[in-house]
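Letter by letter, the chains look like this.
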Amino acid sequence: MSGRVDYSADLVLVCNSLDAGGIERVVSTLANEWSRRGRRVSVVMQYDRQRFYALDPSIHHVVLGNSGLARLLGFTKKIRSRLLESNPAKRWLLRLLGGGLYNSSAESFHRINFGLLIAFEAWALRRALKRIESPVVVSFGTALNILTVKACEGLGRRVVISERSAGLNGWGRLSRRFYNRADIVTANSRGTLRGLADFVDQGKLAFVPNPLVLPNGGGGGEPPPAPFFLSVGRLVWDKAYDVLLEAFALAGDELGAWRLSVVGDGMLKDSLAAQADGLGIAGRVDWHGVMRDPHAFYRAAGVFVLASRVEGMPNALL
């Protein structure tokens, strides 16, 4: 391999970040365990805005970061949103271009911007991987799987990609184009594996469930008095907390003294709190935020609830 080499590893793990999340938990668990067993492990992350899971100090890690070009592409995305989705600009453009040309222009703008972003991120990942001498690269998550396959073309690496969701998160077309180029395609649920069989050679598919590690400690906050429902996960659309709140409100007096405890954080926190208030249940819902060890809550809860719209093999449920 030509060019500068910073590190020699037995394998490289590629992930989005080490923030709180299922993939991040799996990556940190595997990296730390393999390192403990004497393997040289490198972890390549797209971002490092907030690190929730820790890596052993012996693990080599690289953060791709947010370069000037990435920020420029993000800026063009914002311009598209303002011009093509804000009401005043949209009405003006519709009068100027007409419906057909407006829709065509919006689609073209999005496609060009998206294509540039994919090309740049694959180039940045390839550049980082070339500086790590390793025979195996393992990626996690649909978007990064596609980027990793693209980035490793011609590098002579054995590429293993790990699909975590049956829905492929809107990346279906690109998944069908790139997934079969990987050496091994794993899934953490049998249902997802059956879906992948539609466009990946059977001999490349492997079922690899999530590792499960139960901490010995119980320090993660004081659970509320029983009885209570417990839900653990990021406060995002996929996890369907809006549905959970409506169901809890509909049950009403039937639940008596039961409360709803939510462990997790996310971009929908404020809107979900407002929804709970509008449903008249704000006084019975406890928002505990992110916890490193929520197992005291698991032990004390009467019912665990998972209302997700999309899941593979959820760590919270395990």
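Scroll up a little and you will see the structure.
We now turn to the structure provided with this report. (Residues numbered from 1 in each chain as written. Predicted model: local features only at pLDDT ≥ 70, side-chain atom pairs only at ≥ 80, totals over all residues. Heavy atoms only, no water.)

## Some words on the packing of aromatic side chains
For clarity, the cut-off: In summary, the pairing rule links any two rings of Phe, Tyr or Trp, Trp by its six-membered ring, whose centres are within 6.5 Å, and it sorts them by plane angle into stacked for under 30 degrees, edge-to-face for over 60 and tilted for everything else. Each helix corresponds to a stretch of at least 4 residues labelled H or I by DSSP, and each strand to a stretch of at least 2 residues labelled E; elements are numbered beginning at the N terminus. Summary of the burial criterion: residues with accessible area below 20% of their type's maximum are buried, those above 50% are exposed, and those between are partly exposed, where the area comes from a 1.4 Å probe applied to protein chains only.
Counted according to the given criterion, the structure contains 6 aromatic pairs. Seen in terms of ring centroids, Tyr179 and Phe199 are 6.2 Å apart; in terms of plane orientation they differ by 50 degrees. Their pairing is tilted. One end of the pair, Tyr179, is in the loop between helix H6 (172-178) and strand S8 (184-187); the other, Phe199, is in the loop between helix H7 (190-196) and strand S9 (205-207), and 20 residues separate them in sequence. Side by side, Tyr179 and Phe199 carry an identical accessibility label, which is buried. Judged by centre distance (4.7 Å) and plane angle (45 degrees), the ring pair of Phe229 and Trp258 falls under tilted. Of the two residues, Phe229 is situated in strand S10 (residues 228-232) and Trp258 in the loop between helix H8 (241-251) and strand S11 (259-263); the sequence distance between them amounts to 29 residues. Judged by relative accessible area, which is 16%, Phe229 ranks as buried. Exposure remark for Trp258: the relative accessible area of 24% places this residue in the partly exposed category.

## A closer look at the pattern of salt bridges
Threshold: We define a salt bridge as a contact between a side-chain nitrogen of Lys or Arg and a carboxyl oxygen of Asp or Glu at a distance within 4 Å.
Under the criterion given, the structure shown has 10 salt bridges. The closest approach of N and O atoms between Glu33 and Arg36, which form a salt bridge, is 2.5 Å. A residue pair is termed a helical-turn pair when its members lie 3 or 4 positions apart in one helix, as Glu33 and Arg36 do in helix H1 (residues 22-36) at 3 residues. For Glu311, the salt bridge identified is with Lys239, shortest N-O distance 2.7 Å. One end of the pair, Glu311, is in the segment after strand S13 (303-304); the other, Lys239, is in the loop between S10 and H8, and 72 residues separate them in sequence. With a relative accessible area of 16%, Lys239 lands in the buried category.

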